[in-house]
Amino acid sequence: MLLMMMERGERIDEIVTFDTGWEFPEMYEHLGKLERQVGVKFTRLHPRVPFEYMMFDRPKERGKRKGERGYGWATPLARWCTAQKNNAINSHVGKEAVQCVGIAYDEQHRLGQKRYPLVEWEVTEADALAYCLERGFDWGGLYERKKRVSCWCCPLQSLDDLRVLRERHPRLWAELRLMDEYSANRFRADYSVEQLESRFEEEGRQMGLFPED
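In every chain, residue numbers begin from 1 and rise along the written sequence. Given that the model is predicted, a residue must reach a pLDDT of at least 70 before its local features are reported, and side-chain atom pairs must reach 80 or more before they are shown or counted; all residues, however, enter totals for whole chains, interfaces and linings. The basis for every side-chain value is the complete set of heavy atoms in the structure, and neither hydrogens nor water enter the calculation.

Draft legend 1. Highlighting the environment of arginine 163. Here a helix means four or more residues in a row that DSSP labels H or I, a strand means two or more in a row labelled E, and each is numbered from the N terminus. Mapping arginine 163 onto the fold places it in helix α8 (residues 159-168). Sequence spacing of arginine 163 and glutamate 197 is 34 residues, and the spatial spacing of their C-alpha atoms is 8.9 Å. At 2.6 Å, the side chain of arginine 163 and the side chain of aspartate 160 are in polar contact. For this analysis, a polar contact is any N or O atom pair within 3.5 Å, provided that within protein one partner can donate a hydrogen and the other can accept it, and provided that sequence-adjacent residues contribute only side-chain to side-chain pairs.

Take a look at the structure:
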């Protein structure tokens, strides 16, 4: 979206991102490349306290688990991490700013009250990705392997993307297992990380990727 806006001569005063501390290494490299090339003020926001504290140690102030420590893994109905990000960005830019968000034409179910240039221009997610790849922005190959790219430890990602995480980022997968042991809730409603690992190993044996014990 940013590159398209610049080529169309749209005014961009500031690029604002929020770093959860859980981005893929390739994403940090991508942001550094983007910051060096675009020539626009680039601001990286950070949580006031580490997300690890929010997840494992911060006391719950409301709800069924009031008084317990740690928000735990995000769920479809309790995306505390997304709320933290949105609140930080809204506070930084203020009410008078026009926020442009890169939601694509085929993702209109996600629209809110901001401006969505890709929707205005009828640019689909695939169109936007191809546009960026043609200009040398490839996110270190992340989008060649994954359907969605968000925090590497997000429990809301697909099983296919979790398989990629385990196969391509074994260090992060090991950290994910440790996080699940400390969290107040299970990684997903249907699987813990340990159960996912057992499933993926069994799938690998059935496909002949791993030998029988």
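Okay, back to it.
Draft legend 2. Fine view of the side chain of glutamine 157. Looking at where glutamine 157 falls in the secondary structure, it is placed in the loop between α7 (142-145) and α8. According to the relative accessible area criterion, glutamine 157 is buried, its value standing at 7%. Polar contacts involving the side chain of glutamine 157 include one to the side chain of lysine 146, which spans 3.1 Å. It only takes one pair of heavy atoms within 4.5 Å for two residues to be counted as in contact. In contact with glutamine 157, other than residues within four places in its own chain, are Lys146, Cys151, Trp152, Leu162 and Arg188. We call a residue buried when its accessible area falls under 20% of the maximum for its residue type, exposed when it is over 50%, and partly exposed in between, using a 1.4 Å probe and counting protein chains only.

Draft legend 3. Up close: the pairing of strand β1 (residues 15-18). With four bridges joining them, β1 and strand β2 (residues 42-45) adopt parallel strand pairing. Bridge pairing in β2 links phenylalanine 18 to leucine 45. When the strands point away from the viewer, a crossover counts as right-handed if the route from the first strand across the helix to the second turns clockwise. With helix α2 (residues 25-38) bridging β1 and the parallel β2, this β-α-β connection has right-handed handedness. For two strands to be treated as a pair, DSSP must find no fewer than two bridges joining them.

Draft legend 4. Up close: the layout of surface pockets. Here a cavity is any set of points on a 1 Å grid over the protein atoms alone where a 1.4 Å probe fits but cannot get out, and a pocket is any open set with protein on both sides within 12 Å along at least 5 of 7 lines; a residue lines the site when it has an atom within 4 Å of a point. Grid points are joined across faces, edges and corners, and a volume is the space filled by probe spheres set on the points. Of the volumes computed, that of the second largest pocket is approximately 270 Å³. Around the second largest pocket sit Lys60, Glu61, Arg62, Arg65, Tyr71, Trp73, Ala74, Thr75, Ala78, Arg79, Trp80 and Asn185, which together line it. By the convention adopted, Pro, Cys, Tyr, Trp, Phe, Met, Ile, Leu, Val and Ala count as nonpolar, Lys, Arg, Asp and Glu as charged, and the other residues, Gly among them, as polar. Broken down by class, the residue content of the lining of the second largest pocket amounts to five nonpolar, two polar and five charged.

Draft legend 5. Spotlight on the nonpolar core. Each nonpolar core is a collection of buried residues, namely Ala, Val, Leu, Ile, Met, Phe, Trp, Tyr and Cys, held together in the definition by side-chain atoms within 4.5 Å. With 49 residues, the main nonpolar core has Trp152 and Leu176 as its most contacted residues. Other than its neighbours up to four places away in sequence, tryptophan 152 contacts Trp22, Glu23, Phe24, Gln157, Leu165, Leu172, Glu175, Leu176 and Met179.

Draft legend 6. Here's a closer look at the pattern of salt bridges. The working definition used for a salt bridge is a side-chain nitrogen of Lys or Arg within 4 Å of a carboxyl oxygen of Asp or Glu. Enumeration according to the criterion identifies 20 salt bridges in this entry. Where arginine 199 meets glutamate 203, a salt bridge forms, and the shortest distance between an N and an O atom there is 2.9 Å. Here arginine 199 pairs with glutamate 203, and both are found in helix α10 (residues 193-206), just four residues apart, close to one helical turn.

Draft legend 7. Main features of the environment of aspartate 161. Assignment of secondary structure puts aspartate 161 in helix α8. In this structure the C-alpha to C-alpha distance between aspartate 161 and valine 149, which are 12 residues apart in sequence, comes to 8.7 Å. The residues touching aspartate 161, leaving out its near neighbours within four places in the chain, are Arg145, Lys146, Lys147 and Arg148.

Draft legend 8. Layout of unusual backbone geometry. Look at glutamate 122: it is not a glycine, yet its phi comes out positive at around 55°. Mapped onto the elements of the fold, glutamate 122 is located in the loop between α5 (117-120) and α6 (125-134). On the accessibility criterion, glutamate 122 (52% relative accessible area) is exposed. In the Ramachandran plot, tryptophan 139 falls in the positive-phi region, its phi being about 55° despite a non-glycine side chain.

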